[in-house]
Amino acid sequence: KGNNIAEMVRAGIDKLGGISSFVKPGNKVLIKPNILYGQKPEYAATTNPQVIAALVTLCREAGAAEVVVADRPTSSPTEAYRISGIGEACQKAGGKIKVLTDRHFVSKDIPEGKILKRISLLRDLFESDVVINVPIAKTHSLAGLTLAMKNMMGTIGGFRSPMHINFDQKI
């Protein structure tokens, strides 16, 4: 409760055992917000930039060697980071924004996949010690409510539209 988002984020993480339960000195941390496209935080279409800043700060305090914030918006990434405020908030808190291009993705097999057998995923998912997924609750025609799993679609490379066919199986 309250108006200080940084304090609320810290209190929530403390209830889970504190950031040091997750982030160790020297860790590389990937923070995955929900940006989708450039919207100001008051429209509740993107993760609040103050939440991202608070998480970056906590990770840095825990001794993280690097804190990277990355998403693959459906619009211009540079504009989405700017308009949402996430780019500036991340950088002021000591994190790095990663504007994703095709070279940031790696193709992976899904041996047990029933429909989806191969996918292009963000390389940082495999190279980071800690991944912090920071979704925002939104309505969606296929999911009803989007949260953590839907937010991770921003780590998929290539053409994502086919993900929406048999969505429940692929997600």
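Data block above holds the structure.
Visitor: Break down unusual backbone geometry for me, citing the residues and quoting the values.
Guide: Residues other than glycine predominantly adopt negative phi, and peptide bonds predominantly adopt the trans conformation. Even without being glycine, Leu 36 reaches a positive phi, approximately 55°. Considering the arrangement of structural elements, one finds Leu 36 in the loop between β1 (28-33) and α2 (49-61). Residue class for Leu 36 comes out partly exposed when judged on its relative accessible area of 32%. Despite not being glycine, Ala 44 shows a phi value in the positive range, around 55°. Ala 44 gets classed as partly exposed once you look at its relative accessible area, which sits at 42%.

Visitor: Kindly report on the pattern of salt bridges, identifying the contributing residues and their values.
Guide: Close approach of charged atoms lets side chains of opposite charge pair. Under the defined criterion, the tally for this structure stands at eight salt bridges. With its nearest N and O atoms 3.0 Å apart, the salt bridge here joins Arg 10 to Glu 61. Of this pair, Arg 10 sits in helix α1 (residues 5-15) while Glu 61 is found in helix α2, placing the two residues 51 residues apart along the sequence. A salt bridge links Lys 98 to Asp 124, with the nearest nitrogen and oxygen atoms 2.9 Å apart. Highlighted residues: Lys 98 in strand β3 (residues 96-99) and Asp 124 in helix α5 (residues 124-127), separated in sequence by 26 residues. Overall, Asp 124 belongs to the buried group, its relative accessible area being 1%.

Visitor: Please provide a residue-by-residue account of the sheet that holds β3, values included.
Guide: Strand order in the open sheet made by the four strands is β3-β2-β1-β6, with parallel pairing throughout. Taken across any chain shown, the strands that pair with only one partner, and hence form the sheet edges, are β3 and β6 (130-134). Mean inter-strand twist for the sheet, computed between neighbouring axes without regard to direction, equals 25°. Two elements, β1 and β6, share five bridges in a ladder whose sense is parallel. Within β6, the residue paired with Leu 30 across the bridge is Val 131. Packing of α2 onto the sheet brings it into contact with β1, β2 (66-71) and β6, and relative to β2 it is tilted by some 155°. Lying over the sheet, helix α3 (residues 77-84) contacts β2 and β3, oriented at roughly 145° with respect to β3.

Visitor: Before we move on, can you summarise α3 with the specific residues and values?
Guide: Restricting attention to buried positions, one finds in α3 the residues Ala 80, Tyr 81 and Ser 84. When α3 is viewed along its axis, its buried side chains cluster within an angular range of 95° and face the same direction. Here the buried face of α3 lies against α2, β2, α4 (86-92) and β3.

Visitor: Can you lay out the layout of surface pockets for me, pointing to particular residues and giving the numbers?
Guide: One way to see where empty space is left: roll a probe the size of a water molecule over the atoms. Here the largest pocket defines a volume of roughly 310 Å³. As for the largest pocket, its lining consists of 18 residues, of which Asn 34, Leu 36, Thr 74, Lys 150 and Met 153 are closest to the centre. Every element with two or more residues in the lining of the largest pocket is listed here: β7 (138-140) and α6 (148-151). Among the elements that make up the lining of the largest pocket, the one with the highest residue count is β7 (three residues). The class makeup of the residues in the lining of the largest pocket is four nonpolar, eight polar and six charged. In this structure, the second largest pocket spans a volume of roughly 180 Å³. Considering the residues around the second largest pocket, the lining is formed by Leu 116, Ile 119, Leu 121, Leu 125, Met 149, Met 152, Met 153, Thr 155, Ile 156, Met 163, Lys 170 and Ile 171. In terms of residue class, the lining of the second largest pocket is made up of ten nonpolar, one polar and one charged.

Criteria and cut-off values
- Residues numbered from 1 in each chain as written.
- Predicted model: local features only at pLDDT ≥ 70, side-chain atom pairs only at ≥ 80, totals over all residues.
- Heavy atoms only, no water.
- Helix = DSSP H or I, 4+ residues; strand = E, 2+ residues; numbered from the N terminus.
- Buried < 20%, exposed > 50% of the residue type's maximum accessible area, 1.4 Å probe, protein only.
- Salt bridge = Lys/Arg side-chain N within 4 Å of Asp/Glu carboxyl O.
- Pairing = 2+ DSSP bridges.
- Axes fitted to C-alpha atoms, helices over the stretch in contact; angles between N-to-C directions.
- Contact = heavy atoms within 4.5 Å.
- Arc of directions from axis to C-beta.
- 1 Å grid on protein atoms, 1.4 Å probe; cavity = no way out; pocket = protein on both sides within 12 Å on 5 of 7 lines; lining within 4 Å.
- Points joined across faces, edges and corners; volume = space filled by probe spheres on them.
- Nonpolar A, V, L, I, M, F, W, Y, C, P; charged D, E, K, R; others polar.

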